[in-house]
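# Analysis of the macromolecular model
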Amino acid sequence: ESSAMPIKIPATLPAHDVLRREGVMVMSEETALRQDIRPLQIGLLNLMPKKVQTETQFARVIGATPLQIELTLIRMSDHESKNTSAAHLEAFYQPFRVARERRFDGLIVTGAPIEHLDFEAVSYWRELRDVFDWTQSHVHSTIGVCWGGMAMLHHFHGIPKHMLPAKAFGLYRHEAIAPAAALLQGFSDSFVVPVSRWTEVRDDDVELHYPELRTLIHSEDVGPCLIEDRGHRAYYMFNHLEYDSTTLKEEYERDLATGGPIAPPVDYFPEDDPTQPPQNRWRSHGQLLYGNWINEIYQTTPYEIEAI
């Protein structure tokens, strides 16, 4: 077996073959048992409709470290997925009501395509609030991504999300404004980040909660990107360093097909020409961000998982 980048996921999960082809080595049960360390238990609460694409993207960024990770896929207990086969969910996902009996070193809460709704109008909002409260006693560190981050910020701090006049869509220049933060080790001063959202969290609302909330990554064009919430052992990441090279292209084509906003993603296609294949200019920062998060968890989580 070649040198393993040790993320442990079921061999039959679609992400397994994709990542193996890319050189992200996935470890087998046998190799995992030979290493005398406790694997980090990371949960992915997947609220996205295209579950297979999303779980592959996050398995890729958290699988790029030398630490042993066991990934558990979690879904809302009673929400029906219209886009992912029941067989896939049955084979690979635990409903939250089962997963909540366990403790996790880390949890990622994905975005969800429900930005236009008020939080309270979301069908699974009550259970999601239970998830957020449960993280405070059962999860060492949590990252909320895009809508997931806005939802956590609203739940813990009452901070609103605001509708944008037009979708923030494309690659936007960002700055690392707290370069000494654990999650930003190795980051360039300035870098591009894929953005795809109809809503925003505003600097003014976040600043009212300083120093409990601290913005780590920021963009002049699209506002706060990554916020640290030490009191809740959480990070809120409003954009998408985990995206594949073609994710924005697929979203653009879907928008076109549904007669949605016609502007192509900002600064994404070479020469703004949608017929040209996009170049990935954010992959390294995606691996760094999630690798730094995993490393921070590894250094601070208790060895006995029951102690979380």
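As shown above, the structure is provided for reference.
If you're wondering where the values come from, they're calculated on a predicted model, not measured in any experiment.

A few words on the overall build of the chain. Scanning the chain from terminus to terminus reveals 10 helices and 11 strands. The C-alpha atoms of the chain give a radius of gyration of 19 Å, which matches the 19 Å a tight globule of 308 residues would have. Along the first, second and third principal axes, the C-alpha set of the chain runs to 50 × 45 × 40 Å. The buried share of the chain, taken over its 308 residues, is 56%. Per element, the accessible surface of the chain, about 14,000 Å² overall, is 50% carbon and sulfur. Side-chain charges of the chain comprise 28 positive and 44 negative groups, with the mean position of each set lying 4 Å from the other.

Inspection of the entire model under this criterion finds 12 salt bridges. With a shortest N-O distance of 3.3 Å, D255 and K167 are connected by a salt bridge. Of this pair, D255 sits in helix α9 (residues 247-257) while K167 is found in strand β7 (residues 162-176), placing the two residues 88 residues apart along the sequence. Ionic contacts of the salt-bridge type, sharing partners, join the residues E22, R60 and D244 into one network.

The next subject is the nonpolar core. Counting 54 residues, the largest nonpolar core has I42, I62, L71, L226, M237, Y290 and W293 as the members making the most contacts within it. Take this core: its biggest share by element is 5 residues, from helix α10 (residues 283-300). Aside from chain neighbours lying at most four places away, what touches W293 is I42, I62, G106, L107, I108, S141, T142, I143, L183 and Y235. Listed in part, the 34 residues of the second largest apolar core include L47, A112, L153 and V201.

What follows deals with the packing of aromatic side chains. Counting across every chain of the model gives 11 aromatic pairs. Relative to Y290, the ring of F58 lies with its centre 5.8 Å away and its plane at 80°, an arrangement referred to as edge-to-face. You can see F58 sitting in helix α3 (residues 51-62) and its partner Y290 sitting in helix α10, a full 232 residues away along the chain. Exposure remark for F58: the relative accessible area of 2% places this residue in the buried category. Seen from their ring centres, Y268 and F269 are 4.9 Å apart, and the 65° between their planes marks the pair as edge-to-face. Each member of the pair, Y268 together with F269, is buried. Put simply, the rings of F119, W125, F132, W147 and F156 pair up and form one aromatic cluster. Over the aromatic face of F119 sits the side chain of K161, whose NZ or CZ is 5.0 Å from the ring centroid. Over the ring of F169 we find K167; its NZ or CZ atom is 4.3 Å from the centre of that ring.

As a further point, take unusual backbone geometry. Residues apart from glycine generally show negative phi values, whereas peptide bonds are mostly found in trans. For the bond from Y210 to P211, the omega torsion is 5°, close enough to zero to count as cis. Among the structural elements, P211 can be located in the loop between α8 (203-207) and β9 (213-219). One non-glycine residue, R233, lies in the positive phi region at around 50°. Mapping R233 onto the fold places it in the loop between β10 (223-229) and β11 (234-237). Positive phi is not limited to glycine here, since D272 has a value of about 55°. Note on placement: D272 falls in the loop between α9 and α10. D272 gets classed as partly exposed once you look at its relative accessible area, which sits at 49%.

As a further point, take the packing of helix α6 (residues 125-138) against helix α7 (residues 147-157). Two numbers describe how α6 lies on α7: the axes approach to 11 Å, and their chain directions differ by 75°. By the angle between their axes, α6 is roughly perpendicular relative to α7. Listed contacts from α7 to W125, L128, R129, F132, D133, T135 and Q136 of α6 are W147, G148, A151, M152, H154, H155 and F156.

How each quantity is defined
All residue numbers refer to position in the chain's written sequence, counted from 1. For this predicted model, a pLDDT threshold of at least 70 governs which residues receive local features, and a threshold of 80 or more governs which side-chain atom pairs are given and counted, while totals over whole chains, interfaces and linings are taken from all residues. Heavy atoms from the whole structure form the basis of all side-chain values; hydrogens and water molecules are not counted. Where helices and strands are cited, they refer to DSSP runs of H or I of at least four residues and of E of at least two residues respectively, numbered from the N terminus. Our radius of gyration looks at C-alpha atoms and nothing else; its globule reference is 2.2 Å times the residue count to the power 0.38. Here's how the labels work: a residue is buried when its accessible area is under 20% of the maximum for its type, exposed when over 50%, partly exposed in between, all with a 1.4 Å probe on protein chains only. Under the convention used here, a 1.4 Å probe and the Shrake-Rupley method define accessible areas, while residue burial counts only the protein chains that appear. Counted as positive: Lys and Arg. Counted as negative: Asp and Glu. His and the chain ends are not counted at all. Positions of charges follow a simple convention, taking NZ of Lys, CZ of Arg, CG of Asp or CD of Glu. A pairing counts as a salt bridge when a side-chain nitrogen of Lys or Arg comes within 4 Å of a carboxyl oxygen of Asp or Glu. Buried Ala, Val, Leu, Ile, Met, Phe, Trp, Tyr and Cys residues form a nonpolar core when they are joined through side-chain atoms within 4.5 Å. The contact rule is simple, with two residues in contact once any of their heavy atoms fall within 4.5 Å. Side-chain rings of Phe, Tyr and Trp, where Trp is taken by its six-membered ring, are said to pair if the distance between their centres is within 6.5 Å; with planes under 30 degrees apart they count as stacked, over 60 as edge-to-face, and otherwise as tilted. Charge over a ring is defined by NZ of Lys or CZ of Arg lying within 6 Å of the ring centre and within 35 degrees of the ring normal. Here an axis means a line fitted to C-alpha atoms, over the contact stretch when the element is a helix, while the angle between two N-to-C directions is reported on a 0 to 180 degree scale. By definition in this entry, angles of less than 35 degrees are roughly parallel, angles greater than 145 are roughly antiparallel, angles of 65 to 115 are roughly perpendicular, and the rest are oblique.

Geometric values such as these leave the question of function open.
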